[in-house]
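Chains, contacts and geometry: an overview
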Amino acid sequence: MWTVGFLVMFFGLLAAGMPIFLVLGTSAAILYFVSGQPMIGLAQNMIDQLNSTTLMALPLFVMAAAFMRRGGVAQALVDLSTAWLGGIKGSLGLVAVVSCALFAAISGSSVATALAMGTILLPAMIDRGYPRGFALGVIGASGTIGVVIPPSLALILYGIVTEQSVPRLFLAGILPGLLQAGAFFVWVLYYARRKNFPREPAMSMRTRLRVTARALPAMAVPFVVLMGIYGGFMTITESAALAAVTALLVSVVVYRGFPWTRTLVVIAEALRSAAVIMLIIATALVFGHWMTGSGIPGRLVDFAAHQGFATWEFLLAMNVLLLIIGCFLEVVSTLLLVMPILAPALVPLGVDPVHFGIIFTHNMEVGLVHPPVGLNLYVLSTISDAPVGEVIRGILPFLILLLIVLGIITYVPELTLWLPRMVYGS
Amino acid sequence: MSAPEPARAQGSVARILFVWGWIERTIAGLLGAFALVIAVLQVFGRYIDPERAINWAEEVIVYIAVWAVMIVASELVQSDGHVRPDLVLRLLRPAAQRWVEMFNCLVAIAFTSGMVWYGWAVVSTAVLLDQRSSSDLQFPIWIYYTALPVGGGLMLLRYIIRLIRYAFLFDPATMTVGHAISHEAPPELAIPVTE
């Protein structure tokens, strides 16, 4: 009975528009109180959960993303894609898909991508006569590619919570990310033909090469990260720090996106963003800790084992569950809420945790763009002054594509596991 | 002629809030920059002079970053930067939004008070037992733990101010969803949406 009461309260607080960290923190406090555990344990737990070196990759990657966003990197990537795709009908739509995928790979954050690309591409697309809804849709949806393409914050968090190798997860994300970008690309190509969208003037080969050379330094960041991690020189956190420093140098020295004197301001801005996530992490891990202690995950495994669930049935059920949770909770909270419960159940049910990581993060991408709490929807609505409803309508075709890709990722594990197995063996 | 009393009073309050937020952001920026420097020293130090290379960089980065996060969390309350699903809130009339926001503030005040009270208990326990980190650094862990009550305390003050604003200085034009409080800040300080 009181479980129902608890759920009503939990979703009531969310509906009241309370910050997520407060919802999770208050819920955890109530659970502690009801189960008679001392409150000091909650405080101790909260601060101890943050004491994790892997977790520190997060603020550092967010810093790298902030430097990138301010530093003219986005513009360089947009120029690069426009140079090569200009002559095609609806080219700005294609430019959005490609440059979002590139920027996502560099910054590791979907929301940063939507923000950076939205501020550049949205005015440009509206200027050229694209319907605003379509422009919002393609930018918002393409921004989600960042969730799976490495270096990805979501995969780092997944790795922390489920104790999986982050480099392995990064490799696993590459092909699904490309599949998604490809699906969007083909759809924009088709839609642009049907709606007769404008094309941009084609550029000479000389201009193309010049623009490409200018975009190369931007690619230094994922290069540093991947070399650092796969070359075995650095931990994830160290490579995140180096990515941030590289991003800073590239932005300030190469692109002159902001003067040296602004560095502290940009770092502070990045830490604000990181603080939002880390407070949620702290409270969610406390909440998850209570969950684990309550024995609910164990019962879940027993239940699933006794029902004789086939692996595909389990995966289908998980996808439906995650999509439903994604309607109410934001990405990081979902991960931190669900994974501590699910992680012990994966291997007994015949699911590869790395494969599940990609299914999970792809689910989160869907969650980023579907109502009511898809963060990208709000980011785009904020930077464009368009009502959220218009963003949602624009994003709908991409949402359907995302769901199709999700089906493929779920039921073709080779797509995910082939690359990490080739590099690390099985 | 000078501005009428209440307006002037509000002006100075706004200035205090502005300076307060600026201090928090600046401290966070300095801490973040410091963390970056330490990380780079560790990575390159290992190759340049392995003998004297530091091995506690990541540990110190944790302490610095968590302190920065806890300090800047308060500024996020002021600018309405904490992620929250506001779809239901948007459907409400301003008067109803006001009541819901006041309720949210009260819950937040309770929670952040808990952060201060129990956070302080955690700190005093660590001081009493003289807990140290397990690395070479032997860092006194209470310094790290203090971030919790300090962060909670700063947020508590912000939520009290927020509650007072919604209770006594409510302005439907600027304080309902869609007109975030952050929009009152000077444009050059416009804060981008959170990640």
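See the structure printed just above.
Described in the following lines is the structure provided in the data block.

Reading the values: rules and limits
Residues numbered from 1 in each chain as written. Chains lettered and ligands numbered in written order. Predicted model: local features only at pLDDT ≥ 70, side-chain atom pairs only at ≥ 80, totals over all residues. Heavy atoms only, no water. Core = buried A, V, L, I, M, F, W, Y, C linked by side-chain atoms within 4.5 Å. Buried < 20%, exposed > 50% of the residue type's maximum accessible area, 1.4 Å probe, protein only. Helix = DSSP H or I, 4+ residues; strand = E, 2+ residues; numbered from the N terminus. Contact = heavy atoms within 4.5 Å. Buried area = accessible area lost by both parts, 1.4 Å probe. Salt bridge = Lys/Arg side-chain N within 4 Å of Asp/Glu carboxyl O. Polar contact = N/O pair within 3.5 Å; in protein donor to acceptor, adjacent residues only side chain to side chain. Axes fitted to C-alpha atoms, helices over the stretch in contact; angles between N-to-C directions. Parallel < 35°, antiparallel > 145°, perpendicular 65-115°, else oblique. Left-handed = near helix turned anticlockwise from the far one by under 90°. Nonpolar A, V, L, I, M, F, W, Y, C, P; charged D, E, K, R; others polar.

Topic: the nonpolar core
Residue and element names in this part refer to chain A. Counting 201 residues, the largest nonpolar core has Phe67 and Phe356 as the members making the most contacts within it. Ranked by the residues each element gives to this core, the list is headed by helix α14 (residues 263-293), at 18 residues. Among all residues touching phenylalanine 356, those that are not within four sequence positions of it are Tyr158, Leu315, Met318, Met339, Leu342, Leu346 and Val351.

Re the interface of chain A and chain B
Contacts between the two partners involve 63 residues from chain A, matched on the other side by 62 residues from chain B. Taking both sides of the interface into account, the surface hidden between chain A and chain B amounts to around 5,500 Å²; carbon and sulfur atoms contribute 76%. At the junction of chain A and chain B, the tally comes to one salt bridge. The interface formed by chain A and chain B holds eight residue pairs in polar contact (both at pLDDT 80 or more) in total. Only α1 (2-15), α2 (20-34), α3 (39-50), α4 (57-70), α7 (110-127), α13 (236-254), α14 and α19 (375-384) of chain A provide two or more residues apiece to the side of chain A that touches chain B. Ranked by residues supplied to the side of chain A that touches chain B, first place goes to α14(A) with 13 residues.

A word on the packing of α7(A) against helix α8 (residues 132-143) of chain A
All names here are of chain A. Between α7 and α8, the least distance of the axes is 9 Å, while the angle of their chain directions is 155°. When the axes of α7 and α8 are compared, the pair comes out roughly antiparallel. You can see that α7 and α8 cross each other, and the crossing is right-handed. The segment α7 lies against α8, with Ser110, Thr113, Ala114, Met117, Gly118, Leu121, Leu122, Met125 and Ile126 engaging Arg132, Phe134, Ala135, Leu136, Val138, Ile139 and Gly143. Across the contact of α7 with α8, the residue classes break down as eleven nonpolar, four polar and one charged.

Comments concerning the pattern of salt bridges
Counted by the stated rule, this structure contains nine salt bridges over all chains. Two residues, B:Arg25 and B:Glu75, come together in a salt bridge whose shortest N-O distance is 2.5 Å. In this pair, B:Arg25 sits in helix α1 (residues 5-48) while B:Glu75 sits in helix α2 (residues 57-78), placing the two residues 50 residues apart along the sequence. By relative accessible area, which is 3% here, B:Glu75 ends up buried. A network of salt bridges, in which partner residues are shared, links A:Arg272, B:Arg25 and B:Glu75.

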